[in-house]
Amino acid sequence: MARDLRFEPHDQPAGGWGSVRSLFRHATNAHSWSRAVPVLPKQNKPGGFMCVSCAWAKPAEPHSFEFCENGAKATFWELTTDRVETGFFADHTVSDLLGWSDHALEAEGRLTRPMRYHAPTDTYVVVSWKEAFDDIGARLKAFEPDRVVFYASGRASLETSYMYQLFARLYGTNNLPDSSNMCHETTSKALPESIGVPVGTVRLDEFDATDCILSFGQNVGSNAPRMLHPLQRAAERGVPIVVFNPLRERGWETFINPQAPGEMITREPTDLASQYHQVRAGGDIAVLMGMCKVLVDRDDEAREAGAPRVLDVDFIQEHTHGFEDFISRVRASRWDEIERASGLSRQAIEAAATTYLNARRVIAIYGMGLTQHRRGVDSIQMLINLLLLRGNIGRHGAGILPVRGHSNVQGQRTVGIADEPHLVPLDRLAAQYHFEPPRNKGLNTVEACEGIIAGTVDAFIGLGGNFVRAIPDRARMEPAWRRLKLAVHVATKLNRSHLITAETTYVLPCLGRLEVDEQATGPQIVTMEDSTACIHASRGVAPPAGPHLLSEPKIVAELAKATLPSNSRVPWDDWVADYGRIRDAIEETFPEDFKDMNRRMGTPGGFPRPLAARERRWNTDTGRANFKCPSSLNASFDADDDPAVMRLLTLRSNDQFNTTVYGYDDRFRGIHGSRMVLMMNADDIIRLGLTRGGMATLTTVADDGVSRRMDGFTIVEYNIPHGCCGAYYPECNALIPLSHYAEGSKTPAAKSVPVRVSAQP
Ligand SMILES: Nc1nc2c(c(=O)[nH]1)N[C@H]1C(S)=C(S)[C@@H](COP(=O)(O)OP(=O)(O)OC[C@H]3O[C@@H](n4cnc5c(=O)[nH]c(N)nc54)[C@H](O)[C@@H]3O)O[C@H]1N2
Ligand SMILES: Nc1nc2c(c(=O)[nH]1)N[C@H]1C(S)=C(S)[C@@H](COP(=O)(O)OP(=O)(O)OC[C@H]3O[C@@H](n4cnc5c(=O)[nH]c(N)nc54)[C@H](O)[C@@H]3O)O[C@H]1N2
Ligand SMILES: [Mo]
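Note that the structure is a prediction, hence the values are computed from the model and not measured. (Residues numbered from 1 in each chain as written. Chains lettered and ligands numbered in written order. Predicted model: local features only at pLDDT ≥ 70, side-chain atom pairs only at ≥ 80, totals over all residues. Heavy atoms only, no water.)

A. Structural view of the nonpolar core. In this structure, Tyr162, Leu508, Trp572 and Trp575 are the most contacted members of the largest nonpolar core, which totals 65 residues. Val199, Cys212, Leu295 and Leu311 belong to the second largest nonpolar core, which has 63 residues in total. (Core = buried A, V, L, I, M, F, W, Y, C linked by side-chain atoms within 4.5 Å. Buried < 20%, exposed > 50% of the residue type's maximum accessible area, 1.4 Å probe, protein only.)

B. Spotlight on the domain arrangement of the protein chain. Partitioning the protein chain into domains gives domain 1 (83–183 + 408–608), domain 2 (186–403) and domain 3 (645–759). Taking only C-alpha atoms into account, the centre of domain 1 sits 36 Å from that of domain 2. With ten residues of domain 1 at the interface, the matching set in domain 2 holds 13 residues. Where domain 1 abuts domain 2, roughly 790 Å² becomes buried across the two surfaces, and 46% of that area is made up of carbon and sulfur atoms. Contact with domain 2 buries area across many residues of domain 1, yet Cys183, Ser531 and Thr532 alone supply 52% of it, more than any other trio. For the interface between domain 1 and domain 2, the tally reads one salt bridge. Two residues, glutamate 420 and lysine 189, come together in a salt bridge whose shortest N-O distance is 2.6 Å. Counting across the domain 1 and domain 2 interface gives four residue pairs in polar contact (both at pLDDT 80 or more). In the side of domain 1 that touches domain 2, the residues fall into four nonpolar, four polar and two charged. (Domains from an automatic or database assignment. Contact = heavy atoms within 4.5 Å. Buried area = accessible area lost by both parts, 1.4 Å probe. Salt bridge = Lys/Arg side-chain N within 4 Å of Asp/Glu carboxyl O. Polar contact = N/O pair within 3.5 Å; in protein donor to acceptor, adjacent residues only side chain to side chain. Nonpolar A, V, L, I, M, F, W, Y, C, P; charged D, E, K, R; others polar.)

C. Structural view of the packing of aromatic side chains. Per the stated rule, a full pass over the model turns up 26 aromatic pairs. Ring geometry for tyrosine 151 versus phenylalanine 460: centroids 5.9 Å apart, planes at 25°, classification stacked. On the criterion of sequence distance, the pair formed by tyrosine 151 in strand E7 (residues 148–152) and phenylalanine 460 in strand E16 (residues 459–463) is long-range, its members being 309 residues apart. This pair shows no difference in class: tyrosine 151 is buried, exactly as phenylalanine 460 is. Pairing phenylalanine 216 with phenylalanine 244 gives two aromatic rings, centres 4.5 Å apart and planes at 10°, and the pair type is stacked. You can see phenylalanine 216 sitting in strand E8 (residues 212–216) and its partner phenylalanine 244 sitting in strand E9 (residues 241–244), a full 28 residues away along the chain. Of the two residues, phenylalanine 216 and phenylalanine 244, both sit in the buried class. Of the aromatic side chains, those joined through ring pairs into one cluster are Tyr162, Tyr433, Trp572, Trp575, Phe590 and Phe594. Positioned over the ring face of phenylalanine 657 is arginine 155, at 5.7 Å from the centre of the ring. Sitting above the plane of the phenylalanine 637 ring, arginine 647 keeps its charged end 5.6 Å from the centroid. (Phe/Tyr/Trp six-rings, centres within 6.5 Å; stacked < 30°, edge-to-face > 60°. Helix = DSSP H or I, 4+ residues; strand = E, 2+ residues; numbered from the N terminus. Lys NZ or Arg CZ within 6 Å of the ring centre and 35° of its normal.)

D. Structural view of the environment of glutamate 8. When you line up the elements, glutamate 8 lands in the loop between strand E1 (6–7) and strand E2 (14–15). With residues near it in sequence (within four places) discarded, glutamate 8 still touches Gly670 and His672. A polar contact of 3.0 Å, which involves the side chain of glutamate 8, links it to the side chain of arginine 6.

E. Broad picture of the pairing of strand E18 (residues 504–509). Across the six residues that make up E18, a large majority, six, are buried. Of the two faces of E18, both are covered, the one formed by Thr504, Tyr506 and Leu508 as well as the one formed by Thr505, Val507 and Pro509. Direction of pairing for strand E17 (residues 486–491) relative to E18: parallel, over a ladder of six bridges. Looking at the pairing, leucine 486 lines up with threonine 504 of E18. (Pairing = 2+ DSSP bridges.)

F. Layout of the packing of helix H23 (residues 445–454) against helix H25 (residues 474–481). Their axes nearest at 8 Å, the elements H23 and H25 cross at an angle of 60°. Relative to H25, the element H23 is oriented oblique. Seen from above, H23 lies across H25 with left-handed handedness. In this structure, H23 contributes Cys449, Ile452 and Ile453 to the contact, and H25 contributes Arg476, Met477, Ala480 and Trp481. When its residues are assigned to classes, the contact of H23 with H25 shows six nonpolar, no polar and one charged. (Axes fitted to C-alpha atoms, helices over the stretch in contact; angles between N-to-C directions. Parallel < 35°, antiparallel > 145°, perpendicular 65-115°, else oblique. Left-handed = near helix turned anticlockwise from the far one by under 90°.)

G. Representation of the sheet that holds strand E12 (residues 275–277) within the structure. Sheet architecture is open: five strands sit in the order E12-E9-E8-E14-E15, paired in parallel fashion. At either margin of the open sheet sits one strand with a lone partner, and together these are E12 and strand E15 (399–402). In this sheet, neighbouring strand axes are inclined to one another by 15° on average, regardless of whether the strands run parallel or antiparallel. Strand direction decides the pairing type here: E8 and strand E14 (residues 362–366), joined by five bridges, are parallel.

H. Structural context of the sheet that holds strand E23 (residues 607–608). The antiparallel open sheet is built from three strands, whose spatial order is E21-E22-E23. Taken across any chain shown, the strands that pair with only one partner, and hence form the sheet edges, are strand E21 (525–529) and E23. Pairing geometry for E21 and strand E22 (residues 534–539), over five bridges, is antiparallel. Considered in E22, the bridge of isoleucine 525 is made with arginine 539.

I. How the structure looks around the pattern of salt bridges. Summed over all chains, the structure comprises 59 salt bridges. The partner of arginine 116 in a salt bridge is glutamate 131, and the shortest N-O contact between them spans 3.2 Å. One end of the pair, arginine 116, is in strand E5 (residues 115–118); the other, glutamate 131, is in helix H7 (residues 129–142), and 15 residues separate them in sequence. With a relative accessible area of 23%, arginine 116 lands in the partly exposed category. Note on glutamate 131: relative accessible area 36%, which makes it partly exposed. Its salt-bridge partner being aspartate 419, residue lysine 441 comes within 2.8 Å of it at the nearest N-O pair. Here the residue lysine 441 occupies a position in the loop between helix H22 (426–433) and H23, and aspartate 419 occupies one in the loop between helix H21 (409–414) and H22, the gap between them amounting to 22 residues. Taking the relative accessible area as the measure of exposure, lysine 441 reaches 40% and is therefore partly exposed. The exposure class assigned to aspartate 419 is buried, which follows from its relative accessible area of 3%. Each of Asp178, Glu185, Lys189, Arg413 and Glu420 takes part in a single network of salt bridges with overlapping partners.

J. Main features of the site of ligand 1. Around ligand 1 sit 30 residues in total, of which Asn245, Glu249, Gly282, Asp284 and Gln656 are the nearest. Within the contact set of ligand 1, an oxygen atom lies 2.5 Å away from a side-chain nitrogen or oxygen of glutamate 249. Glycine 369 places a main-chain nitrogen or oxygen 3.4 Å from an oxygen atom of ligand 1. Contributing elements (two or more residues each) for the shell around ligand 1: helix H10 (220–223), helix H19 (368–371), strand E25 (646–651) and strand E26 (656–657). Among the residues making up the shell around ligand 1, the classes are represented as eleven nonpolar, 15 polar and four charged. Looking at which domains feed residues into the shell around ligand 1, each of domain 2 (186–403) and domain 3 (645–759) supplies at least three. (Near = heavy atom within 4 Å.)

Now the structure itself:
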């Protein structure tokens, strides 16, 4: 067993003292008290800064401390007083650092100087900004534009992202993969086909108007903890909350609000979930089919009895398309198949459906548990079908709510970070900047990886993120990455992607969003879009981590100027001097979404983007909301006949933000001291001849001739459905084949990887 591993099932509510204790531990580790504590009261407040953790909505009337445990961790992590100084690389070669953990690399602190990799000494050496920009520009000029990839992780502001996509397009490519490609791309594919908008339709205030909340595959306690506040209010009003998740995630069960002093003293937690269904991983299409079946049966009974209809027939008739086909499909589905594919009993599904049909206004929340499966698009469209049957779209207090990841990932797409040209108003960009934008489809994340492996990509520019660590198939990607001619990483902290060097590699350190960004016209404001399509201003409040750091807009502008022929229509320098002018440019390109942006960006609670589906206007191929039939009841892989093949879920702990690992405590799951664990249920451990606490080897089942195998997992007996096992991301990414992605969206299917588990010899 791993030396430091402790498994102590957690029976405490989410929130409460535990979160405060964990927060304090982090503060002392990161030596950041003096820098971080004074800024916390400004987190997620009008006039303050928007959290760099998740994308959850920011209320118009915030709590006195509008942050959660994990948002505070993110603040402390960014405002650490530790620095990667020049001497650091004299002491550590890059090859040495490749042996370090994700945690240890980032824990070295903030990057402060631009650096280039120097192969003869195997270290990074400091260069001047001018040298870096000139050299990168000269190299980029020499490549074929479509052989260069411009990746964006979802944290950069709307201003930076707009400049970045324009840079890529002026350069000549739509190769703009983003973190969304690994995340909610499935949403961006499923929702437009069904309801004609690519984003969620629910606004924050609707939690106070809803009658019922459904949740599929989202872990609120760790990944969007501020959503616990509206959930708690809803639960206290008696609103049923029905949760579908293979794991009993603590956040959905009970919550103590650490911001309510009374609750902290009396320790009276609020129960959140009124029903908790431990669906099998990949079983959601079947669950939803079952729920629709119950609705159709009850509607038949109501009609026979002359009682009020269960289906919203007026809505269906006036607003939808494909109802008849869908209903025949529902009628043809069989309970034995639904039970098998979902892992739930008919009674359990009937209970959920009954709660649903007794409510007039229903919000459906979901996360990576739906998007990261082979048939994730079908799962989301089934969820929409369920909502459409009772008119739960375009009604106050009802709607669909994909919970986004990075704090501005949704906004980056809104301002043009997209590989698909039809998602971007290219004609407007052409008119605004007098150039001919590329019209061909660019590379998304999986396609960029395929290109890197195939040798058809020469250069990678990364605006944030930890691409090589976040993508699948690490053992294939890392050697291929070394053949790139150029890699440029704009970053705040050192990570593994910086250590897998290309022929020429630069790391360009930038200001974080929490820091004062002083430009020619004074301190600047940036903006972002939250999960509910509301746009917020954010002002840096802490002093910069170092005197040499540049802002992201400045870095993008300088890279563009060094690379592109001058174009008097693109005032890079004026934009950097005054970000308000970037916002004017954004408004000119997207006049509907960003009307009066400079004036409205300070609106408490953010200003909302108009969403047609909220008004029951349907921008779909049929002009109506479409019922969509799933291609299977199983969202996971098909090789289901072999009981020795397990579905591996790759999970986030409560102590990480993606590849940023704050520490080794997954408090809510009771796992402490190690991330190399394999969660399995007791029967499976026995059935497969394994032992609790023993070491396991995981081998991916794939027929592409590539062997993918990892040792070193300690088996933890865990409450997880049969045939499923869980382990942490990004440690497990070497096990995921690049070709194992969601049909339609190419989102890596990280929530059910086919694996065999064996005792490690
Ligand atoms: N603190 C913190 N906050 C974060 C992040 C972070 O790493 N740390 N990451 C951010 C990002 S980029 C994102 S995208 C979001 C991710 O936030 P989430 O969407 O919550 O993503 P995950 O934690 O990957 O897993 C989601 C949940 O899906 C469940 N699940 C797995 N498979 C299935 C299934 O087949 N069906 C159902 N119904 N459930 C399933 C898992 O048990 C887990 O509870 O959070 C964002 N916020
Ligand atoms: N197996 C598996 N794989 C997954 C997932 C999964 O659930 N399972 N989830 C996927 C998801 S949802 C996502 S979103 C991706 C995440 O993929 P990425 O977005 O690429 O990764 P992050 O870990 O968020 O990136 C962390 C790095 O960002 C840099 N950074 C932090 N703040 C800033 C900033 O303000 N500016 C700049 N320029 N850089 C900054 C730091 O250097 C830090 O090391 O991973 C995906 N991969
Ligand atoms: Mo994400």
